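Architecture at a glance
This is what each chain is made of:
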Amino acid sequence: MDNGNNIIDICGRICSDFTFSHEVYGEGFWRFDVEVGRLSGQSDILPVTVSERIVERDKIVEGTDVLISGQIRSYNNYVEADRKNRLVLTVFARDVEILSNPPQNRPNEVFLDGYLCKPAIYRTTPFGREISDLLVAVNRSYNKSDYIPCITWGRNARFAGKLDVGDRIRLWGRMQSRQYQKKLSEDTVLEKTAYEVSVSKVEHAEEEPANTPV
């Protein structure tokens, strides 16, 4: 069982069909999307992957409110149009609770304890807002790792921009979805969705074992 270096809790409403994802050693995994509201009134549409052994299919229906606890997982998906692998994120559910009376303030909380695996990209917007993009590697069982894009703002961005590749960091935030456009040709633009962790707090961690629960 994985330790507490990768934790996500979200509460939202199922907004897609329950569809088959893949099978591992005879265990089927299924996928659906959950709409999680922000304080701003906007929403994030987050993909969830869950084992058939955790939930009953007939209970996962569009419009149902759920509380999900698990981890953020990443995998590479080969895209024929681009002829390259694309990093895909999903909420890997450890527990799914069907809610009859969902709370008004729906949580979307992430904690990660991992390592910076690429140089941070620090920039400022035309309006002077500071941003740093990070790619954080978080270890899990069987010598595997998840690679999770993160975005920081303001003083967190300045701090993150000074980190070195290999630095161990802890961060807190929420998982968000973001729409963007990719130009395929002069006449063709593809609408795509990116997923990342929007960071509210980040700190440089001491070099204790990275999988020690915190």
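The following refers to the structure shown. Just so it is clear, the model here is predicted, and its values are computed rather than measured.

**Considerations on the layout of surface pockets**
Taken as a whole, the second largest pocket holds about 260 Å³ of empty space. Around the second largest pocket, the lining residues are G37, R38, L39, D44, Q104, N105, R106, P107, N108, E109 and R174. Classifying every residue of the lining of the second largest pocket gives 2 nonpolar, 4 polar and 5 charged.

**Let's talk about the nonpolar core**
Counting residues in hydrophobic clusters, the biggest one holds 37 residues, and the most contacted among them are I10, F32, V34, I68, C150, L171 and V197. If near-sequence neighbours (up to four positions away) are discounted, V34 is found in contact with I10, G12, R13, I14, C15, D44, I45, L46, V48, V66 and I68.

**Concerning unusual backbone geometry**
Notably, Y142 is not glycine yet its phi reads approximately 65°, a positive angle. If you trace the backbone, Y142 turns up in the loop between β9 (130–140) and β10 (144–153). Positioned with a positive phi, N143 is a non-glycine residue whose angle comes to about 60°. With relative accessibility at 82%, the residue N143 sits in the exposed group.

**Focus: the packing of aromatic side chains**
Summed over all chains, the structure comprises 5 aromatic pairs. For the pair F18 and F32, a centre-to-centre distance of 5.8 Å together with 45° between the ring planes defines the contact as tilted. Of this pair, F18 sits in the loop between β1 (6–14) and β2 (19–24) while F32 sits in strand β3 (residues 27–37); the two residues are 14 residues apart in sequence, bridging distant segments of the chain. This pair shows no difference in class: F18 is buried, exactly as F32 is. A centroid spacing of 5.4 Å and a plane angle of 80° characterise the contact between F20 and W30, whose relative ring orientation is edge-to-face. A residue pair is termed long-range when its members are at least 10 positions apart, and F20 in strand β2 and W30 in strand β3 qualify at 10 residues. Each member of the aromatic cluster is reached from another via a ring pair, and the members are F18, F20, W30 and F32. Above the face of the W172 ring, K201 is positioned so that its terminal group lies 4.6 Å from the ring centre.

**Quick look at the pairing of β9**
For β9, the buried fraction is high: 8 of the 11 residues fall into the buried class. Sheet topology places strand β7 (residues 108–116) next to β9; 2 bridges connect them, and they run antiparallel. Across the sheet, Y115 pairs through a bridge with A137, a residue of β9. When strand β8 (residues 121–124) meets β9, the two strands line up antiparallel, connected through 4 bridges. Residue pairing across strands places I121 opposite D133, the latter belonging to β9. Where β8 folds back onto β9 in an antiparallel hairpin, the turn is made up of 5 residues, including G128, whose phi is positive at roughly 85°. Sheet analysis places β9 next to β10, joined by 10 bridges and oriented antiparallel. Bridged to D133 within β10 is I151. What sits between β9 and β10 in their antiparallel hairpin is a turn of 3 residues, with Y142 showing a positive phi close to 65°.

**A few points about the environment of Q179**
Within the secondary structure, Q179 is located in strand β11 (residues 168–183). Taking the C-alpha atoms as reference points, Q179 and D133, separated by 46 residues in sequence, lie 16 Å from one another. Ignoring anything within four residues of it in the chain, the contact list for Q179 reads K192 and T193. In terms of polar contacts, Q179 uses its side chain to reach the side chain of T193, at 3.0 Å.

**Observations concerning the environment of R31**
Relative to the elements of secondary structure, R31 occurs in strand β3. Assessed through its relative accessible area of 32%, R31 is described here as partly exposed. Expressed as a C-alpha distance, the spacing of R31 and S21, which sit 10 residues apart in the sequence, is 5.8 Å. Leave out the neighbours within four places in its chain, and R31 touches D17, F18, T19, S21, P47 and V48. Within the structure, R31 has its side chain in polar contact with the side chain of D33 (distance 3.0 Å).

So, how was this worked out
- Residues numbered from 1 in each chain as written.
- Predicted model: local features only at pLDDT ≥ 70, side-chain atom pairs only at ≥ 80, totals over all residues.
- Heavy atoms only, no water.
- 1 Å grid on protein atoms, 1.4 Å probe; cavity = no way out; pocket = protein on both sides within 12 Å on 5 of 7 lines; lining within 4 Å.
- Points joined across faces, edges and corners; volume = space filled by probe spheres on them.
- Nonpolar A, V, L, I, M, F, W, Y, C, P; charged D, E, K, R; others polar.
- Core = buried A, V, L, I, M, F, W, Y, C linked by side-chain atoms within 4.5 Å.
- Buried < 20%, exposed > 50% of the residue type's maximum accessible area, 1.4 Å probe, protein only.
- Contact = heavy atoms within 4.5 Å.
- Helix = DSSP H or I, 4+ residues; strand = E, 2+ residues; numbered from the N terminus.
- Phe/Tyr/Trp six-rings, centres within 6.5 Å; stacked < 30°, edge-to-face > 60°.
- Lys NZ or Arg CZ within 6 Å of the ring centre and 35° of its normal.
- Pairing = 2+ DSSP bridges.
- Polar contact = N/O pair within 3.5 Å; in protein donor to acceptor, adjacent residues only side chain to side chain.

Spatial relationships are all this shows, so hold off on functional conclusions.
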